[in-house]
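Residue-level structural notes
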Number of protein chains: 2
Amino acid sequence: METHLQQQLEGLRSALLSMAALVEEQIARAVTAFMERDVDLCDQVIAGDGPIDAMELEIDEQCIRLLALQHPIARDLRFVAASMKITIDLERLGDIAVNISKKTKQLTGLPNLKPLVDLPRMADLSQSMVKDSLNAFVRGDEQLAMDVCDRDEEVNQLQDQIFEELLAFMKEDSGSVPQAMQLIFISRHIERLADHATNIAEGVVYFSQGRVIKHHAVEDPTPSPIRPESGGPA
Amino acid sequence: METHLQQQLEGLRSALLSMAALVEEQIARAVTAFMERDVDLCDQVIAGDGPIDAMELEIDEQCIRLLALQHPIARDLRFVAASMKITIDLERLGDIAVNISKKTKQLTGLPNLKPLVDLPRMADLSQSMVKDSLNAFVRGDEQLAMDVCDRDEEVNQLQDQIFEELLAFMKEDSGSVPQAMQLIFISRHIERLADHATNIAEGVVYFSQGRVIKHHAVEDPTPSPIRPESGGPA
């Protein structure tokens, strides 16, 4: 039989999954809307942010209630703490989807630049990082989480290449400045998707092992009264 | 006589104050280094980020330990929860100071553009928002926190003006593209200082009243077993 604590942890996990699913969908729609310069889809993304904001607040309250009434310890406590941190990244991922859509709208109507092959590649990579970081969270899969962190550097390199390419366009032809600027902003937003995926992945390692890989400081758990235990929602 | 809980909350509060002081100093140095194109100071800012990252991790562990051992409730619990959220913003404010310094270094050596009056003004405003959001946190001053949130719109407007001005430079003279691009990036970083200050200010309202003003949804506390109580560290 499940305890109240287990039930509430399961409820928290399922709320986080719903929020994550919504965020992933918003990102996918924002990227499609950008690739296809689909203004209607942009508007749908912009309108779709409200439920994500509301979910962050609900999940925070769920965590507060769980902490106040169930006093989780060890791994369960770390899971609740990580949940409160992960909602911040999920909410900001949602904001980035909105920002991509706003910039895409500003882009439509302007003449097209030469297609940038690196931008769709970076978008694919960032989206896969978001997807995998959320999967790693759901499954408590530390290996997948570490793998997400490793991929961030590739996105940063693509971002640098895209920036250099767009800078060259602007220097050659000042008429391309408005489009190139929007593309630079969009590429930075896409790069930030990967940054948040990395934050989430770091959180997964933190809650599953009490082990910190943030800021590239891989450390063993500090001896403390709070020892990792088996169990928990992952 | 102070209880263990009160002592530990005081310890948490003082750790947050130290982190906040360090972050404020990094931002002030990054802005000065940008205004004066001081490469040495940029390098100091870049080198100074490590202690901030370390403090985020320490404070998180302090929160986990406090939750596990002291079972804070009501206002104290909200303070601990808000602390775990605020460290994220503090750490990212530190990252932004580093990013401003990196961009400033890329800017030095390039010919100067016409001075932008709005950029120092926006920097002043953003810095004052960061300062006030942290003061609001220290004093639990909800009014000051609301005031910070109100100022965010002015920063956004300045950012739009700066962007339009720089875009005009680039269209007129493609030779100005590299400098103008760096200035656009720096102005966006400065604008993000204000965004994080706003997040912190929203957190202050949350922990002092259990009242949510995030996402512009001002709500009364939901009736729940966790009622606001007097006391706590603010």
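Residues numbered from 1 in each chain as written. Chains lettered and ligands numbered in written order. Predicted model: local features only at pLDDT ≥ 70, side-chain atom pairs only at ≥ 80, totals over all residues. Heavy atoms only, no water.

1. Some thoughts on the overall build of chain A
In terms of regular secondary structure, chain A is built from seven helices and zero strands. Written out in order from the N terminus, the α and β elements of chain A read α-α-α-α-α-α-α. The buried share among the 234 residues of chain A stands at 57%. (Helix = DSSP H or I, 4+ residues; strand = E, 2+ residues; numbered from the N terminus. Buried < 20%, exposed > 50% of the residue type's maximum accessible area, 1.4 Å probe, protein only.)

2. Observations concerning the interface of chain B and chain A
With 46 residues of chain B at the contact, the number on the chain A side is 46 residues. At the boundary of chain B with chain A, total buried surface from both sides reaches about 4200 Å², with 67% on carbon and sulfur atoms. The interface formed by chain B and chain A includes eight salt bridges. A salt bridge links Asp89(A) to Arg92(B), with the nearest nitrogen and oxygen atoms 3.4 Å apart. For the pair chain B and chain A, the interface holds 13 residue pairs in polar contact (both at pLDDT 80 or more). Residue assignment for the side of chain B that touches chain A shows that the elements contributing at least two residues are helix H3 (50-70), helix H4 (74-107), helix H6 (142-172) and helix H7 (177-209) of chain B. Looking at the side of chain B that touches chain A, the element that brings in the most residues is H7(B), giving 12 residues. (Contact = heavy atoms within 4.5 Å. Buried area = accessible area lost by both parts, 1.4 Å probe. Salt bridge = Lys/Arg side-chain N within 4 Å of Asp/Glu carboxyl O. Polar contact = N/O pair within 3.5 Å; in protein donor to acceptor, adjacent residues only side chain to side chain.)

3. Some remarks on the relation of the copies chain B and chain A
At an RMSD of 0.0 Å, chain B and chain A line up after a rotation of 180 degrees and a shift of 0.0 Å along the axis. The superposition operator between the copies reduces to a two-fold rotation axis. In terms of proximity to the rotation axis, the leading residue of chain B is Ser174(B), whose C-alpha is 2.7 Å off the axis. An overlap of 100% is found between the interface residues of chain B and their copies at the interface of chain A, pointing to a shared contact surface. (Least-squares fit on C-alpha atoms with pLDDT ≥ 70 in both.)

4. Things to note about the packing of helix H1 (residues 4-35) of chain A against helix H3 (residues 50-70) of chain A
All names here are of chain A. One can describe the packing of H1 onto H3 by two numbers: an axis separation of 10 Å at closest approach and a directional angle of 165 degrees. One finds that H1 runs roughly antiparallel with respect to H3. Between H1 and H3 lies a crossing of left-handed hand. Class assignment for the residues of the contact of H1 with H3 results in 14 nonpolar, seven polar and one charged. (Axes fitted to C-alpha atoms, helices over the stretch in contact; angles between N-to-C directions. Parallel < 35°, antiparallel > 145°, perpendicular 65-115°, else oblique. Left-handed = near helix turned anticlockwise from the far one by under 90°. Nonpolar A, V, L, I, M, F, W, Y, C, P; charged D, E, K, R; others polar.)

5. A few points about the packing of aromatic side chains
Where two aromatic rings form a pair, the distance of their centres and the angle of their planes describe that pair. Residue and element names in this part refer to chain A. Evaluated as defined, the whole model comprises four aromatic pairs over all chains. The interplanar angle of 10 degrees and the centroid separation of 5.8 Å between the aromatic rings of Phe 79 and Phe 137 together place this pair among those described as stacked. Of this pair, Phe 79 sits in helix H4 (residues 74-107) while Phe 137 sits in helix H5 (residues 118-139), and the two are 58 residues apart along the sequence. By the burial criterion, Phe 79 is buried, and Phe 137 matches it. (Phe/Tyr/Trp six-rings, centres within 6.5 Å; stacked < 30°, edge-to-face > 60°.)

6. Quick look at H5(A)
If you check H5(A), its first and last C-alpha atoms are 31 Å apart, about what 22 residues at 1.5 Å a residue would give, namely 32 Å. Directly beyond the C-terminal end of H5(A), a positive phi value near 60 degrees is found at Gly140(A). (Expected span 1.5 Å × (residues − 1).)

7. A short note on unusual backbone geometry
Residue and element names in this part refer to chain A. In this structure, Arg 37 takes a positive phi of about 45 degrees despite not being glycine. As for its placement among the helices and strands, Arg 37 is situated in the loop between H1 and helix H2 (39-47). Taking relative accessible area as the criterion, Arg 37 reaches 30% and is therefore assigned partly exposed.

8. As for the environment of Ala81(A)
Turning to its location among the elements, Ala81(A) is positioned in helix H4. A sequence separation of 126 residues divides Ala81(A) from Phe207(A), and the C-alpha atoms of the two residues are 7.9 Å apart. With sequence-adjacent residues up to four places away left out, Ala81(A) is seen in contact with Ile64(B) and Met84(B).

9. Side note on the environment of Asp38(B)
Residue and element names in this part refer to chain B. One can find Asp 38 in the loop between helix H1 (4-35) and helix H2 (39-47). The exposure class of Asp 38 is partly exposed, given its relative accessible area of 27%. Each C-alpha atom of the pair Asp 38 and Thr 104 lies 8.3 Å from the other, and the pair is 66 residues apart in sequence. Here the side chain of Asp 38 touches Leu 41 through a polar contact of 3.0 Å, landing on its backbone nitrogen.

10. Topic: the packing of H3(B) against H4(B)
Residue and element names in this part refer to chain B. Where H3 contacts H4, the axes come no closer than 9 Å and their chain directions differ by 170 degrees. As the angle between them shows, H3 and H4 are arranged roughly antiparallel. Where H3 approaches H4, its residues Ile 52, Asp 53, Glu 56, Ile 59, Asp 60, Cys 63, Leu 66 and Leu 67 are matched on the opposing element by Leu 77, Val 80, Ser 83, Met 84, Thr 87, Ile 88, Leu 90, Glu 91, Gly 94 and Asp 95. Its residues assigned to classes, the contact of H3 with H4 comprises 10 nonpolar, three polar and five charged.

11. Topic: the pattern of salt bridges
When their charged atoms lie close together, side chains carrying opposite charge are able to pair. Counted by the stated rule, this structure contains 24 salt bridges over all chains. The partner of Arg78(A) in a salt bridge is Glu61(B), with the nearest N and O atoms 3.1 Å apart. Here the residue Arg78(A) occupies a position in helix H4, and Glu61(B) occupies one in helix H3, the pair thus bridging two chains. Judged by relative accessible area, Glu61(B) falls into the buried class, the value being 15%. Ionic pairing is found between Asp60(B) and Lys85(A), a salt bridge with its closest N-O pair at 3.0 Å. Within this pair, whereas Asp60(B) is found in helix H3, its partner Lys85(A) is found in helix H4, the two belonging to separate chains. Side by side, Asp60(B) and Lys85(A) carry an identical accessibility label, which is buried. A cluster of three or more residues bridged by salt bridges with shared partners is formed by Glu56(A), Asp60(A) and Lys85(B).

12. With respect to the side chain of Arg92(A)
Following the sequence through the fold, Arg92(A) ends up in helix H4. For Arg92(A), a relative accessible area of 13% corresponds to the buried category. Contact partners of Arg92(A), with chain neighbours within four places excluded, come to His196(A), Asp89(B), Arg92(B), His196(B) and Asn199(B).

13. Quick notes on the confidence of the model for chain A
All names here are of chain A. When pLDDT is averaged along chain A, the result is 87, and 88% of the positions lie at 70 or above. Here helix H7 (residues 177-209) stands out as the element of chain A with the lowest mean pLDDT, 90, in contrast to H2, whose mean of 98 is the highest. Confidence over residues 216-234 falls short of pLDDT 50; this stretch has 34 contacts with residues more than four positions distant or in other chains. Across the assembled chains, the prediction reports ipTM 0.83 with pTM 0.86. (pLDDT = per-residue confidence, 0-100.)

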